[in-house]
Amino acid sequence: MISSIRTWLFNKSLRGHQNFTHPLGYSGINMCKSICIVANGSDDSSKSATENYKSKLESHNKSVDILYFIDNKSETEIGYSRQAIKWNGVPQNEIIDSILSKKYDLLIFLYPIMEDHLRYLAILCNAKFKIGPGFQEHNHIFDLMVDITDYSDTKSLIKNIDNQLRQLST
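Everything numeric in this text was worked out from a predicted model, so none of it was measured.

1. Thoughts on a nonpolar patch on the surface
- Taken together, the side chains of Ile2, Ile5 and Trp87 define a hydrophobic patch exposed on the protein surface, amounting to about 340 Å² of accessible area.
- Note that isoleucine 5 resides in helix α1 (residues 2-17).
- Residue class for isoleucine 5 comes out partly exposed when judged on its relative accessible area of 36%.

Structure, rendered in structure tokens:
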């Protein structure tokens, strides 16, 4: 009973915020000016790989925002943690509000698993194009999915995503 109420409230919140239409006319990574990356802030190697990728993108005159999820209950300044997730699975934090209020050309999802709060962010992020790991049960969220053997290997995931984006740009 509680889980069905939780699911209903989660979906109601999702529908209430999904007030934008999916933009058409995507023209490849070269046309992207603003990029949002959702990444794992709990793992140092993942954070390092994400920061290196951000630097690479910024060197190509891209504006990049990173939203880290840190899998613990203490507050953090670089992202959000379990403490920011309400009981119905909806994340609530100033950083999240800031990300969801902006328009992006591209969303890159680098988190190795898909939980409700991450699904919420991926769906509601106002991005023209969304790319992420090949989560078969969530294939409706992304415009392009990258399938690799180990999604927790952020460096390899970034390499595969970057290759796919380069192919789209040619």
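Now that the structure is up, let's keep going.
2. Notes on the packing of helix α2 (residues 44-58) against helix α5 (residues 154-169)
- At a closest axis distance of 9 Å, the pairing of α2 and α5 adopts a crossing angle of 30 degrees. The angle between α2 and α5 falls in the class roughly parallel. Counting all contacts with α2, which are made through Ser46, Ala49, Thr50, Tyr53 and Lys56, the residues of α5 involved are Thr154, Lys155, Ile158, Asp162, Leu165 and Arg166.
- Along the lines of polarity and charge, the residues of the contact of α2 with α5 split into 4 nonpolar, 3 polar and 4 charged.

3. As for the packing of aromatic side chains
- What the rule picks out here adds up to 4 aromatic pairs.
- Among the aromatic residues, those joined into a ring-pair cluster are Phe69, Tyr80 and Tyr111.

4. Some thoughts on the environment of glutamate 137
- In this fold, glutamate 137 is placed in the loop between β5 (126-133) and β6 (144-146).
- Distance in space between the C-alpha atoms of glutamate 137 and methionine 114 is 9.5 Å, their sequence separation being 23 residues.

Here is what the cut-offs are and how they apply
- Residues numbered from 1 in each chain as written.
- Predicted model: local features only at pLDDT ≥ 70, side-chain atom pairs only at ≥ 80, totals over all residues.
- Heavy atoms only, no water.
- Patch = residues over 30% accessible without salt bridge, like charges linked within 9 Å, V, L, I, M, F, W, Y side chains within 5 Å.
- Areas by Shrake-Rupley, 256 points an atom, 1.4 Å probe, with all protein chains shown as cover.
- Salt bridge = Lys/Arg side-chain N within 4 Å of Asp/Glu carboxyl O.
- Helix = DSSP H or I, 4+ residues; strand = E, 2+ residues; numbered from the N terminus.
- Buried < 20%, exposed > 50% of the residue type's maximum accessible area, 1.4 Å probe, protein only.
- Axes fitted to C-alpha atoms, helices over the stretch in contact; angles between N-to-C directions.
- Parallel < 35°, antiparallel > 145°, perpendicular 65-115°, else oblique.
- Contact = heavy atoms within 4.5 Å.
- Nonpolar A, V, L, I, M, F, W, Y, C, P; charged D, E, K, R; others polar.
- Phe/Tyr/Trp six-rings, centres within 6.5 Å; stacked < 30°, edge-to-face > 60°.

Shape descriptors only; they carry no functional weight alone.
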